[in-house]
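# Per-entry structural report
Here's the letter readout for the chains.
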Amino acid sequence: MAYPRKSESQENGSESNFSSLSSQADSLVESLYGKDSLFNEITYKVQPFLGDSLYDFFYRNMPYFMTDEDYDYLEKSIDSINQILKSNFNLTYLPVNSSIISKAYADPFHIVPRLLQRCKANTVDAGINMRDDYLTLDSGRSIVIMAYPRKSESQGKVNQDCLDRLLKIKSQIQKSNYDIFFFGTPLVEAINAKVIKRDIMITSTLALIALLVFIWSYFKSPLYFFRIVLPVSFGGLIALSCIGYFQGSISSLALGLGAVLLGLGVNISLHFFTHFINHPDPRQLIIELAPASLLTALTTSSAFFCLCFLKSPVLQDIGLFSGLSILFITLSNLVIVPHLLPTSHNKPEKNHWIDKLASIHFHKNKILIVSLFILFSVCVLCFKQVRFEGDMTKMSYVPSYLKESEDTLEAKMQYKLKMVYSIMEAKTLNELSVKSENTNAEIEKLKNDGVISNFQNGFYLLPSGIKQKKCKEKWDKFWTNDKVNFLQQSMHSHSQIFGYDYKVYNEFLNLIKSEFGGMSKSDQSFVINHFAKDLIEYSDSIIQSVGIIKVKEQNRKLLYQKLKSNKEVELFDKNMLTERFVNLIKSDLNF
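Cut-offs and rules
Residues numbered from 1 in each chain as written. Predicted model: local features only at pLDDT ≥ 70, side-chain atom pairs only at ≥ 80, totals over all residues. Heavy atoms only, no water. Helix = DSSP H or I, 4+ residues; strand = E, 2+ residues; numbered from the N terminus. Expected span 1.5 Å × (residues − 1). Polar contact = N/O pair within 3.5 Å; in protein donor to acceptor, adjacent residues only side chain to side chain. Disulfide = S-S within 2.5 Å. Patch = residues over 30% accessible without salt bridge, like charges linked within 9 Å, V, L, I, M, F, W, Y side chains within 5 Å. Areas by Shrake-Rupley, 256 points an atom, 1.4 Å probe, with all protein chains shown as cover. Salt bridge = Lys/Arg side-chain N within 4 Å of Asp/Glu carboxyl O. Buried < 20%, exposed > 50% of the residue type's maximum accessible area, 1.4 Å probe, protein only. Axes fitted to C-alpha atoms, helices over the stretch in contact; angles between N-to-C directions. Parallel < 35°, antiparallel > 145°, perpendicular 65-115°, else oblique. Contact = heavy atoms within 4.5 Å. Nonpolar A, V, L, I, M, F, W, Y, C, P; charged D, E, K, R; others polar. Phe/Tyr/Trp six-rings, centres within 6.5 Å; stacked < 30°, edge-to-face > 60°. Lys NZ or Arg CZ within 6 Å of the ring centre and 35° of its normal. Pairing = 2+ DSSP bridges. pLDDT = per-residue confidence, 0-100.

## Things to note about helix H15 (residues 366-382)
Think of an α-helix as turning once every 3.6 residues; residues three or four places apart then point the same way. With 17 residues, H15 extends 24 Å between its outermost C-alpha atoms, agreeing within 8% with the 24 Å of an ideal straight helix rising 1.5 Å per residue. The backbone nitrogen of Ile 367 lies 3.1 Å from a side-chain oxygen of the residue at the head of H15, namely Asn 365.

What follows is the structure in C-alpha cells.
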C-alpha cells in the first residue's frame with residue numbers, strides 16, 4: 001500500500017492543493033503500471049459511474065437493508081413530514097446539482113444515504129474517505145493507493161521489481177512537495193529474500209577467505225586451496241543439479257547452509273591431503289581412506305536424509321540438499337583428489353600451532369573431563385527451556401523506511417491490526433448467504449463487545465432469500481394503508497401550498513407500494529463484480545467466500561475461541577499458520 005502525502009507546510013483542505021495532489025497520484029499510478037505491467041490491479045479511486053449505480057442498487061432493494069433503527073428514524077420523519085418536504089423543496093433555490101434535487105424527491109426521507117454509510121462501514125477500512133472519487137485520508141491531505149503485484153511463477157523476482165520501482169518513484173517524488181509511504185507483505189518478502197542472498201554471499205565469501213588463509217598458512221602453497229575446494233564445489237554443483245532436475249526448486253534457507261556444507265566437505269578433502277603428506281603413496285591412500293570415507297558419507301548423509309520425512313518443506317529441502325551434497329562431495333574427492341595430488345610436496349613444519357594443538361592428549365586431561373561432564377549435566381537440565389519463536393514477523397528484517405511507512409499507516413488507519421480470514425463454502429450462492437448471515441451475527445456481537453475492530457464480507461450486500469422475505473414482511477407491515485394515505489395527502493397538500501407538481505414524489509410512492517420479489521440476478525452480478533470479486537470464488541460445484549476480520553493481537557486467540565463452536569466457518573491468519581508450522585517442527589523434532 002502506498003500513498004502520496006502533501007508536506008506539512010502546505011495548506012490543508014484547499015481545492016487547489018487537492019487537485020495538485022490528485023494529479024500527482026495519477027502520475028504515480030501511471031509510473032507504477034509502467035510498460036511491463038508489474039501490477040495486476042491498482043485501486044485508488046472509485047469509478048465515476050459506481051457511486052450512482054450503488055445508490056440505485058440500494059434504492060431498488062431498500063427493504064432488504066433496512067434495520068430497526070432505520071424504521072424508527074422513518075417513523076419519526078413521517079411525524080415531521082411537513083418540515084422534511086419543505087427542506088427538500090428549498091433545495092431548488094440552492095446552487096446544487098439537479099441530480100441531488102431529483103434524489104431528494106425520489107427519497108424524501110434520505111434513507112439511501114443511511115444505507116450507504118452502513119455499507120461503507122462494512123466494506124471500507126477505517127479512516128478511508130472519498131473526495132472527488134479518490135480514496136483519501138487526513139481530510140483529503142493523503143490519497144491511498146492499493147497495488148496488487150502480478151502473480152507469477154517467479155514471484156520473488158516480481159516482488160523485487162515492484163520494490164525497486166517504488167524506491168525509484170520515492171526518490172523522484174521527494175524532490176517535489178510530496179511524501180510517499182509504502183508497505184506490504186510482498187515488499188517485506190522481497191527485502192528479506194535480498195538480505196538472505198546477500199548474507200549467503202557474505203558468509204560463503206568469508207568462509208572461503210578463512211579457508212584460503214588457513215590452508216596457505218599450513219601447506220605453504222596457494223595451490224592446495226584450489227585442490228581442496230575444487231572437489232567440494234564440484235560435489236555441491238552436482239547436488240544442486242539433481243535437485244533442479246527432479247524437484248525444480250529449493251528453499252533459499254537450504255542454500256544458506258552452503259557455508260556449513262563447505263566446512264564439512266573441506267574436512268573430507270583436508271583429511272585426504274593431510275594423510276597424503278605423511279603417506280605419499282596415492283594407491284595406498286585410496287585403499288586406506290575410501291572405505292572409511294564412504295561409510296562416513298553414508299551415515300552423515302543418512303542423518304540429513306531423515307529430514308525428508310518431516311512435514312516441513314523447508315526442512316525437507318535442507319535434508320535433501322545436505323545429504324546429496326555430502327554424498328557427491330565424498331565421491332568427488334575419491335575420483336578427483338587422486339589426480340590433484342602433487343608429485344612432490346613440502347612437509348609442514350612440526351612446530352606449526354595446528355600440530356602443537358593436535359599433539360595435546362585431551363582425553364588425559366582430568367580437569368577438562370570434569371568440566372565437560374559438569375557442562376553436559378547443566379545442558380541436560382536446561383535444554384527444555386529452549387522455545388521456538390512463533391512470531392515470524394519478529395524474525396523478518398524491516399528497513400527504516402518501511403518501518404516509518406508502517407507506523408504512518410498505523411496512525412492513519414490502524415494498519416497494524418491483525419487480519420484474520422474467515423472461509424465459508426456451500427453449493428449455492430443462497431446457501432452461502434445463509435451461512436454468512438449466521439456467522440455475521442456472531443461476529444457483529446464480538447464487534448459490539450470490543451473483541452474485534454472491524455469486519456468485511458462481500459455477502460453484506462447479498463442477503464439470503466430467507467432474509468429478503470423477512471425484510472419484505474417488515475416493510476409491508478410498516479407501510480400500512482393509513483400511513484401511505486397520510487403520506488400522499490401530506491405531499492399533495494404541500495405541493496399545492498408551494499406551487500409545484502405533486503407528481504415529483506410518484507417514484508417514492510410507487511416504491512413503497514411495490515411488490516418486492518427478491519433481489520434480481522443483475523443486482524447480484526453487480527455486487528459480485530464490483531464488491532465481492534476477490535472475496536467469492538467458484539470451484540466446480542462449490543462456492544467459497546472470504547471475510548476479513550481485523551483484530552488486535554491480544555484478542556486474536558479470544559476470537560478463535562469464540563468462533564470455535566461455529567462449524568460453518570474456518571478461521572486462519574499468518575500467525576496461526578506460523579504456529580502450526582512451528583508445532584510441526586516441534587513434533588517432528590520431538591521437543
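## Notes on the state of the cysteines
Under the definition given, this model contains zero disulfides. No disulfide involves Cys 308; its sulfur sits 8.6 Å from the nearest other cysteine sulfur, which is in Cys 306.

## Looking at a nonpolar patch on the surface
Nonpolar side chains collect at one region of the surface, where Trp 353, Leu 357, Ile 360, Phe 362, Leu 368, Leu 372 and Leu 375 lie side by side and expose about 690 Å² of accessible area between them. When residues of the nonpolar patch are traced back to their parent elements, those giving at least two are helix H14 (353-358) and H15. Its place among the elements puts Leu 357 in helix H14. Looking at Leu 357, the relative accessible area reads 45%, which means it is partly exposed.

## Some details on the packing of helix H12 (residues 282-305) against helix H13 (residues 313-340)
Here H12 crosses H13 at 170°, and the two axes come no closer than 7 Å. Between H12 and H13, the interaxial angle falls into the category roughly antiparallel. On H13, the residues touching Ile 286, Ala 290, Ser 293, Leu 294, Ala 297, Leu 298, Thr 300, Ser 301, Phe 304 and Phe 305 of H12 are Gly 319, Leu 320, Ser 322, Gly 323, Leu 324, Ile 326, Leu 327, Thr 330, Leu 331, Leu 334 and Pro 338. Residues of the contact of H12 with H13, tallied by class, amount to 14 nonpolar, seven polar and no charged.

## Some details on the packing of aromatic side chains
A complete count under the given rule lists 15 aromatic pairs for this structure. Centroid distance Tyr 64 to Phe 516: 6.2 Å. Interplanar angle 75°. Geometry classified as edge-to-face. Of the two residues, Tyr 64 is situated in the loop between helix H2 (48-60) and helix H3 (68-79) and Phe 516 in the loop between helix H20 (506-512) and helix H21 (521-531); the sequence distance between them amounts to 452 residues. Phe 516 shares its class with Tyr 64; the two are buried. Consider the rings of Phe 225 and Phe 226, whose centres lie 5.3 Å apart with planes at 80°: the pair is edge-to-face. By relative accessible area, which is 10% here, Phe 225 ends up buried. Given a relative accessible area of 54%, Phe 226 falls into the exposed group. Each residue in the set Tyr 64, Tyr 71, Phe 109, Trp 475, Phe 478, Trp 479, Phe 508 and Phe 516 is aromatic and connected to the rest through ring pairs, giving one cluster. Note that Lys 103 overlies the ring of Tyr 55, its terminal NZ or CZ placed 4.4 Å from the centroid. Above the face of the Tyr 73 ring, Arg 114 is positioned so that its terminal group lies 4.3 Å from the ring centre.

## Regarding the pattern of salt bridges
Taken as a whole and judged by the stated rule, the model has 11 salt bridges. Linking Arg 114 and Asp 70 is a salt bridge whose minimum nitrogen-to-oxygen distance equals 2.9 Å. Here Asp 70 lies in helix H3 and Arg 114 lies in helix H6 (residues 111-123), a separation of 44 residues in the sequence. In this structure, the salt-bridge partner of Glu 515 is Lys 472, at a minimum N-O distance of 3.8 Å. Taken as a pair, Glu 515 in the loop between H20 and H21 and Lys 472 in helix H18 (residues 465-478) lie far apart in primary sequence, 43 residues in all.

## Remarks on the side chain of Lys 483
Along the chain, the position of Lys 483 falls in helix H19 (residues 481-498). For Lys 483, a relative accessible area of 16% gives the class buried. Here the side chain of Lys 483 touches Phe 478 through a polar contact of 3.3 Å, landing on its backbone oxygen. Among residues more than four places away in sequence, those in contact with Lys 483 are Glu 75, Ile 78 and Phe 478.

## Here we look at the side chain of Arg 227
Following the sequence through the fold, Arg 227 ends up in helix H9 (residues 223-246). Arg 227 sits in the buried class, given a relative accessible area of 19%. The contacts of Arg 227, once residues within four sequence positions are left out, are Phe 273, Leu 340 and Pro 342.

## Here's the deal with the environment of Ser 436
Assignment of secondary structure puts Ser 436 in helix H17 (residues 429-448). On the basis of relative accessibility, which here comes to 1%, the residue Ser 436 falls in the buried class. Distance from Ser 436 to Ser 545, taken between C-alpha atoms, is 8.7 Å for residues 109 residues apart in sequence. When near neighbours in sequence (up to four residues on either side) are disregarded, Ser 436 contacts Met 424, Asn 457 and Phe 459.

## Remarks on the pairing of strand S11 (residues 542-551)
Where burial is concerned, most of S11 is hidden: seven out of the 10 residues are buried. Sheet topology places strand S8 (residues 418-426) next to S11; nine bridges connect them, and they run antiparallel. What sits directly across from Met 424, in S11, is Ser 545. Where strand S10 (residues 536-539) lies against S11, four bridges are found, and the strand directions are antiparallel. Across the sheet, Ser 539 pairs through a bridge with Ile 542, a residue of S11.

## With respect to the confidence of the model for the chain
Predicted coordinates in areas of low pLDDT are best not read in detail. With 86% of its residues at a pLDDT of 70 or more, the chain has an overall mean of 80. For the chain, the element scoring lowest by mean pLDDT is strand S1 (residues 2-6), at 50; H18 scores highest, at 92. Within the model, the stretch residues 7-11 combines pLDDT values under 50 with six contacts to residues more than four positions away or in other chains.

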